[in-house]
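Structural characterization, general
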Amino acid sequence: RADVQAVAVNDIWDKRKQRAREATGVDERSVYHDYREVCARSDVDVVVIASPDHWHHAQTMDALRSGKDVYLEKPMTYTVEEPKDIPDTLKATRRVLQVGSQYTSMDHFWKAKKAIADGLIGEVMWASGGFGRNRNQRGEWNYAIDPEATEKTLDWKAFLGPAPKRAFDPERYFRWRKYWDYSGGIATDLFYHSVSPLLLTIGGEFPLRVTSSGGIYHQKDREVPDTFFMNVDYPEWTMQLACSVGSGVGAPLVVHGSQATIFVAQNSESLTNTQIEIVPDQEYREEFTKKTGAEILKIDVQPVPRGGHPHMDNFLACVRSRQEPNLPARLGYQAMAAIGMGVQAYRQSEVLFFDRRREKVTNRPVAT
């Protein structure tokens, strides 16, 4: 963008530092090893955090307390508990924060949100969505391991940070999404892109109950499941999510109402369609036709243009206007509650509940 200037970059691997410098054009003195040095610069207005999940909370808090606006890549944090203090810190520091799930800036969900508000589907009953990916022999998240990453060129201690201490292992550095120490796997990498826009569209705040299932069925070289399912119950509706990174067809992205259904897209990854469709239940077809003038209502939506970045554009516009962006901290926290509970429920083989009064996860039912 012509109206945005990169002034500093940070990384803990020498090769990526050089790449970042070349990509941004910053001078050599503006390439940092410690992210806190970037936060300390008075000429930095905004930071983009794109580190592994387990670093998100600490880096976000340091940036906010240093007076920076933050674009925070999804997932918002590593655990359910970590985002609790971010909204209050954001308010106290009067900063702007956008969580980086671009789906919340897609026209599909804003048009679906309006359709629900206009009463076109009755009461929301449940929503479904998911992803399907098939990387063949390579497997999901098996990024190339660069032989130039050695204990001399890569700061392993800085990578681990708050994670458990381990001996140097480039596999874990390059393929960190496969390991519980740094990631929630499918839930944090992919399901955040379903949960956050569905909460934006439907509302729901914090979950009532979360269950998860799945396993490692095809790609054995990982700790996180290659096939994963989550049911998230809210007091008035349920979200059902499905994903396999060993199978290439994802579940349709649909909002089911008591009178009609919104078909948002073929799946959570295929949002290139130019229309969403609302199809009434047979029992409400006549009433729906009178209300909308159509037996099936097709609503035009704007797909993301090739090379476009509407979510970042929205963030930068809010940096200037000081308005709340499309995926603010509170909504990001609510999405993270569902995601984090899904990971925890799977790993503990438990049904988990969210105590809204205390904002705590528990394995005991909570009165609503």
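The structure under discussion appears in the preceding block.
Here is a short report on the structure shown in this document. (Residues numbered from 1 in each chain as written. Predicted model: local features only at pLDDT ≥ 70, side-chain atom pairs only at ≥ 80, totals over all residues. Heavy atoms only, no water.)

1. A closer look at the layout of surface pockets
What the largest pocket holds in volume is close to 1,600 Å³. Around the largest pocket, the lining is made up of 48 residues, and of these Val9, Asn10, Val48, Ile49 and Ala50 lie nearest the centre. Counting only elements with at least two residues in the lining of the largest pocket, the list comes to strand E1 (9–10), helix H1 (14–24), helix H2 (35–39), strand E3 (46–49), helix H3 (56–65), helix H6 (156–160), helix H7 (170–174) and helix H10 (310–321). The dominant element in the lining of the largest pocket, judged by the number of residues it contributes, is H10, at 5 residues. When grouped by side-chain class, the residues that make up the lining of the largest pocket number 32 nonpolar, 6 polar and 10 charged. For the second largest pocket, the lining is made up of 17 residues, of which Gln102, Val304, Gly308, His309 and Pro310 are closest to its centre. At the level of secondary structure, the elements contributing two or more residues to the lining of the second largest pocket comprise strand E4 (69–73) and H10. Class assignment for the residues of the lining of the second largest pocket results in 7 nonpolar, 6 polar and 4 charged. (1 Å grid on protein atoms, 1.4 Å probe; cavity = no way out; pocket = protein on both sides within 12 Å on 5 of 7 lines; lining within 4 Å. Points joined across faces, edges and corners; volume = space filled by probe spheres on them. Helix = DSSP H or I, 4+ residues; strand = E, 2+ residues; numbered from the N terminus. Nonpolar A, V, L, I, M, F, W, Y, C, P; charged D, E, K, R; others polar.)

2. Concerning the packing of H3 against helix H4 (residues 86–93)
Relative orientation of the contacting elements H3 and H4 amounts to 15°, with a least axis distance of 9 Å. Here H3 lies roughly parallel to H4, going by the angle between them. For the pair H3 and H4, the sense of crossing is left-handed. Of H4, the residues touching H3 (which contributes His57, Thr60, Met61, Leu64 and Arg65) are Ile86, Thr89, Leu90 and Thr93. Of the residues in the contact of H3 with H4, the class split is 4 nonpolar, 4 polar and 1 charged. (Axes fitted to C-alpha atoms, helices over the stretch in contact; angles between N-to-C directions. Parallel < 35°, antiparallel > 145°, perpendicular 65-115°, else oblique. Left-handed = near helix turned anticlockwise from the far one by under 90°. Contact = heavy atoms within 4.5 Å.)

3. Some details on the pattern of salt bridges
When their charged atoms lie close together, side chains carrying opposite charge are able to pair. Under the criterion given, the structure shown has 25 salt bridges. In this structure, the salt-bridge partner of Asp181 is Arg166, at a minimum N-O distance of 2.7 Å. Of the two residues, Asp181 sits in the loop between H7 and helix H8 (186–202) while Arg166 sits in the loop between H6 and H7, which places them 15 residues apart along the sequence. The residue Lys298 makes a salt bridge to Glu277 at a minimum N-O spacing of 3.8 Å. Of this pair, Lys298 sits in strand E14 (residues 297–300) while Glu277 sits in strand E13 (residues 275–280), and the two are 21 residues apart along the sequence. Overlapping salt bridges bring together Glu171, Arg175, Lys178, Asp221 and Arg222 as one network. (Salt bridge = Lys/Arg side-chain N within 4 Å of Asp/Glu carboxyl O.)

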